[in-house]
Amino acid sequence: MRYVVLLFLLLVLACAGAVYGILYFDITMGQIRDGVIILYGALGVLFFLVGIIVLLAILFAMRAAQGAGSDVFNETVRPMAGNAQAMADDARGMVGDAREMVRTARTSVEFVSDNAVSPVIRAVAVARGFRRGFGSMLTASARRRPPPPGE
C-alpha cells in the first residue's frame, strides 16, 4: 500500500513538474511529446525488469516447493509404499502357505480314503453280499419245501 501511495505522489510530482516546465520555460508540444515517449520507454523497461524479477522469484519459490514436496514424499509416502509392498509379500506368502496346507490336507484325505475307508467299504460290501447270498439261499430252500399239510 505504501508503494502505491509513493507511486501516486511521484506521478503528481511529475505532472506538477511538467506544468511548471510548460509555464516557465519555452517548451513546445514536440518537446513534450518527446519527453512522454522517453518517459514511456523508461517505464516500460522498468516494468519489464520488475516482471523478470517477479518471474524469477516465482521460479525459485516453485523449485523450493518442489524440493519440500519431494522431501515429504521421500519421508512419508515411500516408507508407506515399502510397508505396503512388504504386506503384499507377506500376504502372498500366507496364500502360498494356505495352498500348501490345502494340498497337504487333500493328500492326507486321499491317503486315508485309499488305505482305510476303501477297504472298510469293500469289507462291508462283501459282508452284505454274503448276507444276501445266504438270505436268498434260505428263502430259496424255504420255497422248495412243500407246504405243510393242512394249508
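Keep in mind that what you see is a predicted model, and the values were worked out from it rather than measured.

Calculation rules
- Residues numbered from 1 in each chain as written.
- Predicted model: local features only at pLDDT ≥ 70, side-chain atom pairs only at ≥ 80, totals over all residues.
- Heavy atoms only, no water.
- Phe/Tyr/Trp six-rings, centres within 6.5 Å; stacked < 30°, edge-to-face > 60°.
- Helix = DSSP H or I, 4+ residues; strand = E, 2+ residues; numbered from the N terminus.
- Buried < 20%, exposed > 50% of the residue type's maximum accessible area, 1.4 Å probe, protein only.
- Salt bridge = Lys/Arg side-chain N within 4 Å of Asp/Glu carboxyl O.

Draft legend 1. Spotlight on the packing of aromatic side chains. Counted under the stated rule, the structure contains two aromatic pairs. Judged by centre distance (4.8 Å) and plane angle (45°), the ring pair of Tyr20 and Tyr24 falls under tilted. Placement of both Tyr20 and Tyr24 in helix H1 (residues 2-24) is noted, with a separation of four residues, approximately one turn of the helix. Taking relative accessible area as the criterion, Tyr20 reaches 46% and is therefore assigned partly exposed. Assessed through its relative accessible area of 61%, Tyr24 is described here as exposed. Consider the rings of Tyr20 and Phe25, whose centres lie 6.0 Å apart with planes at 85°: the pair is edge-to-face. Each residue in the set Tyr20, Tyr24 and Phe25 is aromatic and connected to the rest through ring pairs, giving one cluster.

Draft legend 2. Summary view of the pattern of salt bridges. Evaluated as defined, the whole model comprises two salt bridges. Two residues, Asp34 and Arg33, come together in a salt bridge whose shortest N-O distance is 3.3 Å. Residue Asp34 is classed as partly exposed on the basis of its relative accessible area, which comes to 37%. Ionic pairing is found between Arg103 and Glu100, a salt bridge with its closest N-O pair at 2.8 Å. With Arg103 and Glu100 both in helix H2 (residues 29-144) and three residues apart, the pair spans about one turn of that helix. The class of Arg103 is partly exposed, set by a relative accessible area of 47%. Given a relative accessible area of 40%, Glu100 falls into the partly exposed group.

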